[in-house]
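# Commentary on secondary and tertiary structure
The chain contents come next:
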Amino acid sequence: PAGAALPAATAGAALNYGVSWYPEQRGPETWDADLRLIRAAGFTFVRVGEFAWARMEPREGAYDFAWLDAAIAAARAHGLDIVIGTPTAAPPVWLTQKYPEVLGVDAAGKPLRHGARRHASVASLLYRDKARGIATRLAERYGRAPRILGFQVDNEYGRETFDPAAVRAWHAWLAAKYKTIDALNKAWFTVAWSQTYSDWAQVPVPDERDNPGLALDWLRFFSEAWRDYQQVQIDAIRPHLAPGRFITHNYTGRYDNFDFGLTAQPLDLVSWDWYFGEPVVDPADAGFLHDMYRGFLDRNVWVMETAAGNTNWAERNYTEPKGELRAKAWQAVGHGADGYAFWVWRPTLNGIEQFHGALTDAGGRPAPVYAEAAQVGRELAGVGEAVRGSVPVADVALLHDYPSRWALRRMTMTRDYDAWKVFTSWYGALKPVATGIAVLRGPDRLARYKLVVAPALHVMTAADAAALSAYVRGGGHLVLGPRSGVKDESGSLWEPGQPGPLAALIGAHVDQANIPPPGALALDGPAGPAAASIWAERLAIDAPDVEVRLRYVGGDGWLDGLPGVVSRKVGKGRVTYIGALLDTPSLRREIGAAATAAQVVPQFPGLPDGVEATTREGPRGRVHVLVNWGTTPVTIGLPRAYRDLLAGGTTDRLTLPRFGVAVLGER
Amino acid sequence: PAGAALPAATAGAALNYGVSWYPEQRGPETWDADLRLIRAAGFTFVRVGEFAWARMEPREGAYDFAWLDAAIAAARAHGLDIVIGTPTAAPPVWLTQKYPEVLGVDAAGKPLRHGARRHASVASLLYRDKARGIATRLAERYGRAPRILGFQVDNEYGRETFDPAAVRAWHAWLAAKYKTIDALNKAWFTVAWSQTYSDWAQVPVPDERDNPGLALDWLRFFSEAWRDYQQVQIDAIRPHLAPGRFITHNYTGRYDNFDFGLTAQPLDLVSWDWYFGEPVVDPADAGFLHDMYRGFLDRNVWVMETAAGNTNWAERNYTEPKGELRAKAWQAVGHGADGYAFWVWRPTLNGIEQFHGALTDAGGRPAPVYAEAAQVGRELAGVGEAVRGSVPVADVALLHDYPSRWALRRMTMTRDYDAWKVFTSWYGALKPVATGIAVLRGPDRLARYKLVVAPALHVMTAADAAALSAYVRGGGHLVLGPRSGVKDESGSLWEPGQPGPLAALIGAHVDQANIPPPGALALDGPAGPAAASIWAERLAIDAPDVEVRLRYVGGDGWLDGLPGVVSRKVGKGRVTYIGALLDTPSLRREIGAAATAAQVVPQFPGLPDGVEATTREGPRGRVHVLVNWGTTPVTIGLPRAYRDLLAGGTTDRLTLPRFGVAVLGER
Amino acid sequence: PAGAALPAATAGAALNYGVSWYPEQRGPETWDADLRLIRAAGFTFVRVGEFAWARMEPREGAYDFAWLDAAIAAARAHGLDIVIGTPTAAPPVWLTQKYPEVLGVDAAGKPLRHGARRHASVASLLYRDKARGIATRLAERYGRAPRILGFQVDNEYGRETFDPAAVRAWHAWLAAKYKTIDALNKAWFTVAWSQTYSDWAQVPVPDERDNPGLALDWLRFFSEAWRDYQQVQIDAIRPHLAPGRFITHNYTGRYDNFDFGLTAQPLDLVSWDWYFGEPVVDPADAGFLHDMYRGFLDRNVWVMETAAGNTNWAERNYTEPKGELRAKAWQAVGHGADGYAFWVWRPTLNGIEQFHGALTDAGGRPAPVYAEAAQVGRELAGVGEAVRGSVPVADVALLHDYPSRWALRRMTMTRDYDAWKVFTSWYGALKPVATGIAVLRGPDRLARYKLVVAPALHVMTAADAAALSAYVRGGGHLVLGPRSGVKDESGSLWEPGQPGPLAALIGAHVDQANIPPPGALALDGPAGPAAASIWAERLAIDAPDVEVRLRYVGGDGWLDGLPGVVSRKVGKGRVTYIGALLDTPSLRREIGAAATAAQVVPQFPGLPDGVEATTREGPRGRVHVLVNWGTTPVTIGLPRAYRDLLAGGTTDRLTLPRFGVAVLGER
Ligand SMILES: [Zn+2]
Ligand SMILES: [Zn+2]
Ligand SMILES: [Zn+2]
């Protein structure tokens, strides 16, 4: 199977199960009751330390770790492992008061201030220095202490800043990238509108009317700022860390204001915070996120935070339906999570997160979700050894890159185009025809997969195009989506036009990208009718061996009778270009056809709609997780008998209610 | 009956009827025609002076009251009484130009400036001093002059400011309240996110991401700032005021950025400005406002402004339907208004209020609403003596406090929860089963009422809880709504959980507060099925004698079969806890059941839907006002014969068209 | 026919057809291929130079025109004429870096900055001086060069600024207008709210809560600032310009933040940029714009830019349906355009306009719209001589002025009232009953027209009213719409009330302006029932000879039975006042009745719905353009036989598909 296992020496359970615990918030007299309940639910670890800088260093240079020593000792005494979070997302008040130059500045030019969190500038060298200080102290004290699993650096990187330090770093970054200001002018095509710069210091930070090339580079710069900010803490921690222990960061769901994949590279473990704001989870959205995070290091991940029942920041913070908490945990495991944790144990008594879901009430009594979490705890413990060392099976890949999403998000051309939903809808169409999906940041591991889909490689370098062409010529099957190959690395339009350097491979080009009137647009082809909306590219055939799979029917005259989806055998492989935003059945059919051509067969073909299957493989063989996300119960005949790792015994037939879960072993 | 009469010596008509008149805006040659028309419509008073600072003090220290003397004399000559408004809501340009430090500062940090109104900071001691100056001059000149009814201080307090004087006062206020910064940290639970402060001056003014405790305290501080700002003018006026004359302030409808009740305490008379922005008035909304304002001093109020036909600031400034103006005036009287006045006599020729409804056109010709206003004038004069000295009968009470509303407004958890609408919907369900409602600011007059409902006592002190418990144990009937007892005085969650210090009384607690998916949620119980939406608390029974009135049916598994409404006999009384946002019929049924248990019987049982009855009682007995707010005519059989104070004669049967009004005397 | 022809000596084709070409953006090696394709499509000119300041003057005082000389020579060599755009909408970076005082300031007080365009202040004398410099150089070099048609000054004036230079100019403007501050106070009625100013420098720039009089004057001041800014360049260019060549500016569609008509006065030619953001063009909206721009100088105009297929800035940048590009070009010609040009030839490779429609792809290959544009090119060339020197026939007029629209836009009183749509709906109702419409800026050319409609003369001077009265008394037919005659020149309400100085003419006045509840309001009259919504004025009859055309039926009691539309014969003419926003059929009927009374007969009576006819008349007789904007084909019987200038031959019957066009000659 694809993917590498976690570092062999990583301590902890096969499936680590945890909760965020803030011992500094309540008196030590509460700890014992807390920890007993935590352990009783099957949790194996607690995360501590995050945000507690003011308690660790109440005055500059005056440290107090006694309380944390005691809290960790108490956790250890209850048989729990510990993850330490560095507290640098929440500087103490003395720091920003004494060194106001570390404060970020918002888009309107107003300095941020103490009172919430994340108000320090990621670009401030002074703040990085202060962060190094506290991280060093923590690592010295706990890096080799018993039952410490690893360190989480900071919390949920994000928040843009335009403070003077950031602006200086931006100018230096541009100078390093472009060497000459003329090169920058050429890349951004600043000849238009007399934008031409003569000095790095003239270059502004982006606002909404700015050059797309500038906007792309700013996000690249900013991604590196986060990477460099993080590296200071990694360098502080690493020398003090016992072997097999990890350094991680907890990324934030769908947030995309910098390149998570870049900052993930120096980490041992990627973890992420899975929050939602809808009445129920969309399994394709969640699956895409699981696989995207796993793809950054091609390695199993942790979910470091997920809501214990509800969030507090959405427009409507719906209560998670009963059973969904458990289904989510198992989905995560199926997608390769080896750790899974909730936020938060007890509610924060005051502060804007006071209504966030917790496993207890304000006084520490178990909340209703506690029982469901405890069921998961029992189940994870029972299944753990069967999956130890295993990784998800991924037979197909999906290509995703931040610059393309940034560029599409900034210039959608129609508010109906949702760059995120395009990815999740392609993911949702691909999942049922494959066993598992690898989400890749770039075309460097393609050869492992029989089928690769790329929903929107909008920003495409020549090197990317060459890699994709080589993959196809070497026998790969590639499916490209609309708006591919539009821009080069600088965000400039490819000449002569779309799909830029991929035109030779595809044997066709886009001669008009239509935004059709509201409503559905019909297509038709040898495999039957189809429908699209929002975006419809008109394809011009350049090579005689291109097969037209779908032609537009109607469409304001520009499209009628012209190709919208083409496919071509190239070398030993095949490339398919889908130029329109197809509706779900049409997209499923096209991707299904590509899968068939690529001889991709899922582990469980023909599952009922709404049932998701994932497969892990490791030293003890394959383990499959099936979840029913549909609202009605389903019965599934299995292709053979499996061990039922939750219910016990063997079975060749499953009945799954809504949010029902089955975990099947092959031996 | 409950409630105290107005100060006995208050001059004026039994029912004062007035209009805002700005003699400074048009030449004296227009006054006579204006005043004749005003008097002809039955108006008994004009309000003058408000906003005219630039005319009263055109240059610093140079006063000119000759024009106002003349205008007041003219009004007097036409038989009109006068209310003087101090002009401090609109400083003259010389003041803010010479003393720019008096200007407020908006949330973005930008100073306010001359050109509209309300741009001075309520916290500026210098501005208070200037306000004292002009108020003193006015009081000296008119405090004992003939036919002056009283003084209105300033106009429609409001508008937040974050100027340096306000910030300094905020820090001083915190120091006075908390004594030590540790006490503040504890109250606000700043241990979370390392927010811990070490000095008062570090505490920011609130923005949307700030600590809820800070936000609550800011609004308390701000309420006191308004109180102190007002007190300066009260102290300036009082020594010069003849006995029996009032000092009032005109509050603004539903505005709630400070605690109106607090600032009302030193006033003789509460008055308020009743503006609306909907196509038609919601009588429950209006009734709640009437009774809320009356509750501040437990004393009859005035409506100091209401639109003469339309507003100018709403998204859609609908024209008030014919008849509604009259119906509103009588509703006000029924709820205890002894004064009622329109804004404005003539339209302002220019300025952003130029399209506001007025009783004349720009040239002073009567507008169509003039005739309807004149009908009201005749009617008020005819009924006046029958109600002189009377106050509304209130047999039940509704508890309302600003901190709870502030906290719920800030952290709704779902945008479908509208804290204001919760109050008005409870008011609307309670009104038909009672004779009259007292809206109370706190639980200090409970014993007067057989039934007390508290729609959302979200922020609850231990003392409040004790008072409520004593009330019930002493024989009171208490109905609590969802989201009660969640927070303590600092906005921190009560431990162990909701309903905090009320749990012992209720014998149950909330173990999960659900935000269910969109749509209706079913409940069922001995009294039949019910429905709820938006908010649904799951109740856990702690005492054996708790009766379950409604259980959830369905609801994503968390709620199914569990109690949503419970009731319990405690001592000589009864407490009922309603944990869900019930729909109107269900809420009416629950409140109706509580009223029956409390032996509350309305003056006119079984009125048709849409007909509102109010009752005043005084030296001349009871007078009842019935208004048909429904869109179709109704016929009502009365329980006995009444004197018909509008139509004359006696009647035991009424027919009321839409907006029809009857005023019935018992003798 | 009404209207004057273009300056006789204007060079160029009868119908100039062009495209924006940016030779500075691509290497000279691309020019020849570009220009060959441009010429092949029938284009007769290119516009160059706009935005290229950084290339023309790369360092202060160092000019480089060699590249532009070469590009112009190349265009000339391909038989193309040239329009030169001055580049002052996009200052080079050295300018704003060295002279930051030229930067504009936004409403929040933040200085604009380099990186987009239009960031210099229109009020900066220094910037005007720099603009004079570059315009002078361009005029010296190209003013007499071969094939130069003329100069476009700057690009799309607009964007407010509140920089110190603008504020100083504003105060000086006020002093010049009002002479004394008391006059200003009187005009703006600052007596309300103590706004009274004592010094010019106290007057703020407007924000949304400011005095409407101030807001009106600010826009007048700002209009003059644009005029003065422009005059500097006109004065720089004029001395160097060969006779017959024009100075123009390209105005922006519906933008209305200053008075376009004022700034148009010193131009030789008005041109405008016709952009849209809807799925399809609304022909009434477009026709209104064509005629509004033509009305500024009562002279034929050019469309200087229109999208080649799609825009890039709308919420949804729909692709223009096939055929619409051609229909639009012919509509423009019918309405008097003698020039028509596309933006842009090649897409801009990077920058926020990179996805704007273009006639080629990024590499210069013809886009699908190229063929349609080439068809138009052939047709324009074929028809050109037949229309040379002709101007549109306009038998009726529509009055439009910026102050009225500004005032209504600012104070709509209901968000359902859309001041723009009121004008276009009246235009749409008037067009079918007339041959052509003149849109006038004021009542100074009324006598030319048998029928004049004025949808919303909200701001009306006494002189305007006198001119309208004289027109009617002299035999004119005038139809006025709701909200007419409300305000005087200062934005103050007319006394005694609406319609101010027009009341004597109409013989009726508005005694109540209703905003009725949502839904339709019924009216009825001798000509049958009608319907209205949103706005409904109740009319009081003052003269015995007023005819009531429509009375309200229902309407909340205020309106029932009262007049909503009245008409009156006055002298030799007739005035009709429509007090309600009628629905389309009712409005058509009322305007149709007025046309009948005025003996206005269209050139082609009884055209099917959706078919627009326009007529030009010149030395070679009349030419008619018919366009089918409807979605279905129509067949039209013509009143006589015409020469078919597109298809050849003669015809008395047309069949027009959707977007079908016929051009008919009389001889
Ligand atoms: Zn978190
Ligand atoms: Zn007011
Ligand atoms: Zn343009």
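Okay, the interface of chain C and chain B next. The interface of chain C with chain B comprises 53 residues on the first partner and 51 residues on the second. For the pair chain C and chain B, the summed buried area comes to about 4,300 Å², and 57% of that belongs to carbon and sulfur atoms. Summed over the three residues of chain C that lose the most area to chain B, namely Trp193, Met413 and Trp558 of chain C, the buried surface amounts to 20% of that side. At the surface where chain C touches chain B, the tally comes to 6 salt bridges. Notably, a salt bridge pairs arginine 113 of chain B with aspartate 210 of chain C, separated by 2.6 Å at the nearest N-O pair. If you look at where chain C meets chain B, you find 23 residue pairs in polar contact (both at pLDDT 80 or more). Going through the elements one at a time, helix H7 (181-188), helix H8 (212-237) and strand E14 (508-514) of chain C are the ones with two or more residues in the side of chain C that touches chain B.

At an RMSD of 0.0 Å, chain A and chain C line up after a rotation of 120° and a shift of 0.0 Å along the axis. Taken together, these values place the two copies in the relation of a three-fold axis. When each C-alpha of chain A is compared by its distance to the rotation axis, alanine 108 of chain A comes out closest, at 5.4 Å.

Turning to the pattern of salt bridges, a few remarks are in order. Residues and elements named next belong to chain A. Going through the model one piece at a time under the given rule, you end up with 139 salt bridges over all chains. Close ionic contact of arginine 118 with aspartate 154 constitutes a salt bridge, the shortest N to O distance being 2.6 Å. With a gap of 36 residues between them, arginine 118 in the loop between helix H4 (93-98) and helix H5 (125-142) and aspartate 154 in the loop between strand E4 (148-152) and helix H6 (164-178) connect regions that are remote in the sequence. Exposure class is identical for arginine 118 and aspartate 154. Each is buried. A salt bridge links arginine 388 to glutamate 385, with the shortest nitrogen-to-oxygen separation between them at 3.0 Å. What makes arginine 388 partly exposed here is its relative accessible area of 34%.

Once that is clear, we can look at H8 of chain C. All names here are of chain C. Along its 26 residues, H8 runs 38 Å from first to last C-alpha, staying within 8% of the 38 Å computed at 1.5 Å per residue. Burial analysis of H8 places 21 of its 26 residues in the buried class, which makes it a mostly covered element. The opening residue of H8 is asparagine 211, an N-cap whose side-chain oxygen sits 2.7 Å from the backbone nitrogen of glycine 213.

On to the side chain of serine 390 of chain C. Residue and element names in this part refer to chain C. Structurally, serine 390 can be placed in the loop between helix H12 (368-387) and strand E9 (391-392). For serine 390, a relative accessible area of 2% corresponds to the buried category. Here the side chain of serine 390 touches arginine 616 through a polar contact of 2.9 Å, side chain to side chain. If we ignore the near neighbours within four places in the chain, the residues touching serine 390 are Asn300, Arg616, Glu617, Gly618 and Pro619.

About the thresholds
- Chains are numbered independently. Their residues run from 1 in the order of the written sequence.
- All chains are assigned letters beginning with A, and all ligands numbers beginning with 1, in the order in which they are written.
- Residue-level local features of this predicted model are given only where pLDDT is at least 70; pairs of side-chain atoms are given and counted only at 80 or more, and the full residue set underlies all totals for whole chains, interfaces and linings.
- Calculation of side-chain values draws on the structure's entire complement of heavy atoms; hydrogens and water are dropped beforehand.
- Only heavy atoms matter for contacts: two residues are in contact if any of them lie within 4.5 Å across the pair.
- Buried surface area refers to the total accessible area, computed with a probe of radius 1.4 Å, that the two partners give up upon joining, counted for both partners together.
- Basic side-chain nitrogens of Lys or Arg form a salt bridge, by our definition, when they fall within 4 Å of a carboxyl oxygen of Asp or Glu.
- The definition of a polar contact used here is a pair of N or O atoms within 3.5 Å, where within protein one atom must be able to donate a hydrogen and the other to accept one, and adjacent residues in sequence count solely through side-chain atom pairs.
- Secondary structure is summarised from DSSP: a helix means a run of H or I of at least four residues, a strand means a run of E of at least two, and numbering begins at the N terminus for each.
- Superposing copies: least-squares fit, C-alpha atoms only, residues required to have pLDDT of at least 70 in both.
- Remark: exposure states derive from per-residue accessible area (1.4 Å probe, protein chains only) relative to the maximum for the residue type, with buried under 20%, exposed over 50%, and partly exposed in between.
- Expected helix span is taken as 1.5 Å per residue step, with the number of steps being one fewer than the number of residues.

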